[in-house]
Amino acid sequence: MTDKVWFITGAAKGLGYFIARDALRAGDKVVATSRTVDGLAERLSAPKGSLIVLPLDVTESNAVSAAHHAAIETFGRIDVLVNNAGRAQLGWFETIRDEDVRRQFEINLFGAMNVARAVLPTMRLQRSGLVVTISSVNGLVANPGGSIYSASKFALERWIEGLAEEITPLGIRSLIVEPGMMRTNFLDPSTARQGDLEIEDYAEAASTFQTFIYQANGAQENDPEELAARIVAEASSDDPIRRLLFGTDAHEWAGAKCRQLATEIEASNAHI
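I will try to describe carefully the structure that is included in this document. Remember, it's a predicted structure, so these values are computed and weren't measured experimentally. (Residues numbered from 1 in each chain as written. Predicted model: local features only at pLDDT ≥ 70, side-chain atom pairs only at ≥ 80, totals over all residues. Heavy atoms only, no water.)

As for empty space enclosed by the protein
- In this structure the tally under the stated criterion is one cavity of 30 Å³ or more.
- The computed volume of the largest cavity comes to approximately 70 Å³.
- In this structure, the largest cavity is lined by 14 residues; those nearest its centre are Asn83, Asn84, Ala85, Asn108 and Ala112.
- Within the residue set of the lining of the largest cavity, elements represented by two or more residues are helix H4 (98-126), strand S6 (129-134) and helix H5 (147-167).
- It is H4 that contributes the most residues to the lining of the largest cavity, five residues altogether.
- Within the lining of the largest cavity, the residues separate by chemical class into seven nonpolar, six polar and one charged. (1 Å grid on protein atoms, 1.4 Å probe; cavity = no way out; pocket = protein on both sides within 12 Å on 5 of 7 lines; lining within 4 Å. Points joined across faces, edges and corners; volume = space filled by probe spheres on them. Helix = DSSP H or I, 4+ residues; strand = E, 2+ residues; numbered from the N terminus. Nonpolar A, V, L, I, M, F, W, Y, C, P; charged D, E, K, R; others polar.)

Pasting the structure below:
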């Protein structure tokens with residue numbers, strides 16, 4: 001098969017948009033979904049019959065099922081699922097309300113599960129497919145001010161790692177993507193949330209962190225268009241990788257984490 005059918009969440013902007021655009025440019029078909037899709041079809045400017053655009057909140061399981069049904073009705077198959085929809089809940093843990101913690105997991109983890117649960121039966125029937133999970137280097141490394149976001153990505157990665165072992169015998173591949181900081185609107189106040197409970201013990205550190213986020217927004221070192229091109233290329237690879245770290249920062253942080261774990265494991269062995 002030369003052309004593939006992509007089902008992409010969070011396709012209205014950032015990395016999701018560039019993946020959709022590049023897949024269409026490669027001659028593939030795309031189901032582009034997002035909570036807000038105003039003007040998306042026009043911006044993607046796809047050849048007739050190669051694109052459907054659907055509004056979708058991944059936390060609504062009935063809406064996910066309907067979007068999957070529409071995709072199959074239109075194209076008959078799904079070859080690549082890109083679970084890209086997500087949000088960043090930032091701030092010191094005690095400053096974040098319980099409902100915001102739960103919302104973070106509803107979007108980043110359970111939303112991805114909702115979409116996979118809808119699409120995997122189609123891929124099982126086909127005995128083929130690729131599940132692309134957009135995580136973050138923060139799925140490996142947690143820092144102050146990002147404990148809840150990191151927790152959702154840690155959970156996402158551990159789920160998909162186990163799932164990958166379940167679906168690989170059925171001909172379905174998995175790719176976990178772990179970007180560093182990318183030049184998208186992910187850190188914009190309209191997207192990223194900060195904890196709003198005031199606790200004096202954290203006030204100075206939290207203020208410094210918020211300043212860092214404000215200054216980093218739009219100035220991140222990594223190019224989402226470059227990552228999108230890598231993902232589209234991997235989807236056509238005969239020997240695909242299972243984990244894609246993207247960005248010098250991601251490689252540095254992941255490497256430091258591996259060295260830290262190795263040191264801690266060795267230290268624990270010394271006490272046996």
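A short note on the nonpolar core
- Core analysis: the biggest nonpolar cluster contains 32 residues, and Trp6, Ile19, Val30, Val132 and Ile231 have the highest contact counts within it.
- Looking at this core, the element that brings in the most residues is helix H1 (residues 14-25), giving seven residues.
- When neighbours within four sequence positions are excluded, Val30 is seen to be in contact with Trp6, Ile8, Ala20, Ala23, Leu24, Ser50, Leu51, Ile52 and Phe75.
- If you look at the next biggest cluster of nonpolar residues, it comprises 30 residues, including Val64, Ile78, Val131 and Leu156. (Core = buried A, V, L, I, M, F, W, Y, C linked by side-chain atoms within 4.5 Å. Buried < 20%, exposed > 50% of the residue type's maximum accessible area, 1.4 Å probe, protein only. Contact = heavy atoms within 4.5 Å.)

Description of the pairing of strand S7 (residues 172-179)
- By the criterion of burial, S7 is predominantly enclosed, with seven of the eight residues buried.
- Both S6 and S7 contribute to a ladder of six bridges, which runs parallel. Across the sheet, Val132 pairs through a bridge with Leu175, a residue of S7.
- For the crossover from S6 across H5 to S7, the handedness is right-handed.
- Direction of pairing for S7 relative to strand S9 (residues 243-246): parallel, over a ladder of four bridges. For Pro179, the partnering residue across the bridge sits in S9 and is Phe246. (Pairing = 2+ DSSP bridges. Right-handed = clockwise from strand over helix to strand, strands pointing away.)

Brief notes about the pattern of salt bridges
- Inspection of every chain in the model, using the stated rule, returns 13 salt bridges.
- Note that Glu157 and Arg158 form a salt bridge whose closest N and O atoms lie 3.2 Å from each other.
- In this structure, Arg243 and Glu161 form a salt bridge, with 2.5 Å as the shortest nitrogen-oxygen distance. With a gap of 82 residues between them, Arg243 in strand S9 and Glu161 in helix H5 connect regions that are remote in the sequence.
- On the basis of relative accessibility, which here comes to 29%, the residue Glu161 falls in the partly exposed class. (Salt bridge = Lys/Arg side-chain N within 4 Å of Asp/Glu carboxyl O.)

Quick look at H5
- End to end, H5 covers 30 Å across 21 residues, agreeing with the expected 30 Å (1.5 Å per residue, within 8%).
- Among the residues of H5, those classed as buried are Ile148, Tyr149, Ser150, Ser152, Lys153, Leu156, Glu157, Trp159, Ile160, Leu163, Ala164 and Ile167.
- Looking at the packing, one finds that the buried side of H5 touches strand S5 (89-90), H4, S6, S7 and S9. (Expected span 1.5 Å × (residues − 1).)

Function cannot be inferred from these measures alone, as they are strictly geometric.
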